[in-house]
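Below, each chain spelled out in residue letters.
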Amino acid sequence: MVSIITISNSKEKLLKTAQGVIRECKNFSSEWEYIIVECQRENSDRNCISETDAKTEADELENEIKKIKEELENKNQIRHIKVEKCGFSYQRNIGVRESKHKILVFVDDGMDIPEGWLKKLISPIISGEADAVLGGVLPKLEKGKTKENILALCQSILGFPGGGLKYYALGTRPIDSFSTPNLAIRKDLVELAGGFDEKLIFGAEDSDLAIRIKSKFPNSKFLYKKEAYVIAEPRKNLKEITRWFIRRGKALATLKIKYSNGKTKIKDLLSRELILPKIFISSSVPLIFPLFSISYVAKVEKTLFLVKNKLKNEDIIPKEYSLILPIALPIFKFLADMCFSIGFYITYFSASSYYGNEKI
């Protein structure tokens, strides 16, 4: 028995995911419910949308949900909850509180849902193999959109979102943490761990939940299952990507702040995820910066090689991008790492202003 939860503040993305999820649910032999928690405040990434377009999207979404409900014997299987307050943790916690079943499935809006996804995702929990299952997240590529496809592949090869192609290439295996773009988990674990932390307003609330579950239940088992994949619509331009990685940096900072007991720690400031300290230290010592640069690019190229080699028989990375990816990927990673570091330090040194401040 499964409760599927999607949070959203984009009606266009929500409609696509809802259609795929409900199609899957109709073919599901056990009890299910689909809970949509939609923030009605306009998405900050879509400020240019007109009131007419917004109303059209809203009407289309309402009509689609109404039409789907009419085909169901139990119309309460789909619940569309509208809230004025936006927030990853806040909206997910509403979904958890409203859910009735023992297995929770979180799936982000904007996902294409392949046939058989739901059964593949929850089967390890039903069998007792795992307590939480992170499904694969593959990038959506479109014909004729070379620039967007290159950006999508760069994000995914580096592991974003939900592990991307980096995780997918390594195959089904045990993992130590999880994210929520495509996740099945026992409801009791979420509740006993205290739910999602609503003070983590920039993200990392899923990583935080995994930390607390492992702390409270050391023997809990997390599994990555590549076969239970969904297809994500990636960020399509550098402006979106820049903002995304700055927010990711802020998310890591708030997570570090939460577990630092209010003290600034050198290991946080020199965390392996941050590139700025590495640039500063290497550039201050003669001949070290060229070596650092070579090492940095080599690690990126190694990741690309390993992913391509593992996926050579799956035809996921188009051959026409073989020449451009070795050039584009290091540049993309450098931009992402810089944005991530900037977001981190801005937030880390303004702890009292950012952690838990919903106005930011």
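The present account deals with the structure reproduced in this document. The written sequence of each chain sets the order in which its residues are numbered from 1. Only residues with pLDDT of 70 or above have their local features reported here, since the model is predicted, and side-chain atom pairs are shown and tallied only from 80 upward, although totals for entire chains, interfaces and linings are computed over all residues. In computing side-chain properties, one takes all heavy atoms of the structure into account and sets aside hydrogens as well as water.

Let's talk about a nonpolar patch on the surface
Then, in step 1: A contiguous nonpolar patch, built from Ile266, Leu270, Phe280 and Ile281 and spanning about 460 Å² of accessible area, is present on the exposed surface.
Then, in step 2: Tracing the sequence through the fold places Ile266 in helix α10 (residues 266-269). Surface patches are defined over residues having more than 30% relative accessible area and no salt bridge, joining like charges when they lie within 9 Å and nonpolar side chains (Val, Leu, Ile, Met, Phe, Trp, Tyr) when within 5 Å. Each accessible area is a Shrake-Rupley result for a 1.4 Å probe, and residues are judged covered by the shown protein chains and nothing else. We define a salt bridge as a contact between a side-chain nitrogen of Lys or Arg and a carboxyl oxygen of Asp or Glu at a distance within 4 Å. Counting from the N terminus, the helices are the DSSP runs of H or I reaching at least four residues and the strands are the DSSP runs of E reaching at least two.

What about the packing of aromatic side chains?
Then, in step 1: Within 6.5 Å between ring centres, the rings of Phe, Tyr and Trp (the latter by its six-membered ring) count as paired, and their orientation is classed by plane angle as stacked under 30 degrees, edge-to-face over 60, tilted in between. This structure, assessed with the given rule, holds 15 aromatic pairs.
Then, in step 2: With 6.1 Å between their ring centres and 80 degrees between their planes, Phe160 and Trp244 make a pair best called edge-to-face. Note that Phe160 is positioned in the loop between α5 (146-157) and α6 (164-170) and Trp244 in helix α9 (residues 238-258), a separation of 84 residues in sequence.
Then, in step 3: Given the relative accessible area of 5%, Trp244 is considered buried.
Then, in step 4: Relative to Phe349, the ring of Tyr345 has its centre 6.2 Å away and its plane inclined at 15 degrees; by these criteria the two rings are stacked.
Then, in step 5: Over the aromatic face of Phe196 sits the side chain of Arg92, whose NZ or CZ is 5.8 Å from the ring centroid.
Then, in step 6: Seen from the ring of Tyr167, Arg173 lies directly overhead, with NZ or CZ sitting 4.8 Å from the centre. Only protein chains enter the accessibility calculation, which uses a 1.4 Å probe. A residue is then buried if its area is under 20% of the maximum for its type, exposed if over 50%, and partly exposed in between. By the criterion adopted, a ring carries a charge over it if an Arg CZ or a Lys NZ lies within 6 Å of its centre and within 35 degrees of its normal.

Quick word on the pairing of strand β8 (residues 182-186)
Then, in step 1: With four of its five residues buried, β8 lies for the most part within the structure.
Then, in step 2: Bridge analysis of strand β4 (residues 103-107) against β8 gives five bridges, and the strand direction is antiparallel. When the sheet's bridge partners are listed, Val107 is paired in β8 with Asn182.
Then, in step 3: Any two strands with at least two DSSP-identified bridges between them are counted as paired. As paired strands, strand β6 (residues 132-139) and β8 are joined by three bridges and run antiparallel to one another. In the sheet register, Ala132 faces β8, and the bridge partner there is Ile185.

Quick notes on the state of the cysteines
Then, in step 1: Cysteine sulfur atoms that pair up within 2.5 Å are treated as a disulfide. This structure, assessed with the given rule, holds one disulfide.
Then, in step 2: Residue pairing for Cys39: its cysteine sulfur links by disulfide to Cys86, the two sulfurs lying 1.8 Å apart. The sign of the -80 degrees torsion about the S-S bond sets the Cys39-Cys86 disulfide as left-handed. Of this pair, Cys39 sits in strand β2 (residues 32-39) while Cys86 sits in the loop between β3 (78-83) and α3 (88-98); the two residues are 47 residues apart in sequence, bridging distant segments of the chain. Judged on exposure class, the residue Cys39 and its partner Cys86 are both buried.

Considerations on unusual backbone geometry
Then, in step 1: Looking along the chain, the bond that leaves Phe160 and enters Pro161 is cis, with omega of -10 degrees.
Then, in step 2: Within the element layout of this structure, Pro161 appears in the loop between α5 and α6.
Then, in step 3: One non-glycine residue, Ala204, lies in the positive phi region at around 65 degrees.
Then, in step 4: If you trace the backbone, Ala204 turns up in the loop between α7 (187-192) and α8 (205-216).
Then, in step 5: Phi is positive for Asp315, which is not a glycine, with a value near 55 degrees.
Then, in step 6: Position of Asp315 relative to the elements: it lies in the loop between α12 (288-310) and α13 (325-348).

Notes on the nonpolar core
Then, in step 1: Residue types Ala, Val, Leu, Ile, Met, Phe, Trp, Tyr and Cys, when buried and joined through side-chain atoms within 4.5 Å, form a set referred to as a nonpolar core. Of all hydrophobic cores here, the largest spans 57 residues; its most connected members are Ile157, Leu165, Phe178, Ile185 and Leu325.
Then, in step 2: Looking at this core, the element that brings in the most residues is α13, giving six residues.
Then, in step 3: Leaving out residues up to four positions away in the same chain, Ile157 has contacts with Leu165, Lys166, Thr303, Leu304, Val307, Ile317, Leu325 and Leu329. In what follows, a contact means two residues having at least one pair of non-hydrogen atoms within 4.5 Å.

Remarks on the pairing of β6
Then, in step 1: Across the eight residues that make up β6, a large majority, eight, are buried.
Then, in step 2: Where β6 meets strand β9 (residues 222-232), seven bridges bridge the pair, whose relative direction is parallel. Bridge pairing in β9 links Ala132 to Phe222.

Details of a positive patch on the surface
Then, in step 1: A cluster of like positive charges, contributed by Lys166, Arg272, Lys278 and Lys299, occupies part of the molecular surface.
Then, in step 2: Note that Lys278 resides in helix α11 (residues 276-283). When charges are counted, neither His nor the chain ends are considered; positive counts come from Lys and Arg and negative counts from Asp and Glu. Every charge is mapped onto a representative atom, which is NZ of Lys, CZ of Arg, CG of Asp or CD of Glu.

Notes on the packing of α11 against α13
Each packed pair of helices is defined by two parameters, the angle between the axes and the distance between the axes.
Then, in step 1: Here an axis means a line fitted to C-alpha atoms, over the contact stretch when the element is a helix, while the angle between two N-to-C directions is reported on a 0 to 180 degree scale. Interhelical geometry of α11 versus α13 gives an angle of 105 degrees and a closest axis separation of 9 Å. Accordingly, the angle class assigned to the pair α11 and α13 is roughly perpendicular. Where α11 approaches α13, its residues Leu276, Pro277 and Ile279 are matched on the opposing element by Phe334, Met338, Ser341, Ile342 and Tyr345.
Then, in step 2: Note on residue categories: nonpolar means Ala, Val, Leu, Ile, Met, Phe, Trp, Tyr, Cys or Pro, charged means Asp, Glu, Lys or Arg, and polar means any other residue, Gly included. Tallied by class, the residues present in the contact of α11 with α13 amount to seven nonpolar, one polar and no charged. Here is the rule for angles: anything less than 35 degrees is roughly parallel, anything more than 145 is roughly antiparallel, 65 through 115 is roughly perpendicular, and the remaining ranges are oblique.

This is a description of form; function is not addressed.
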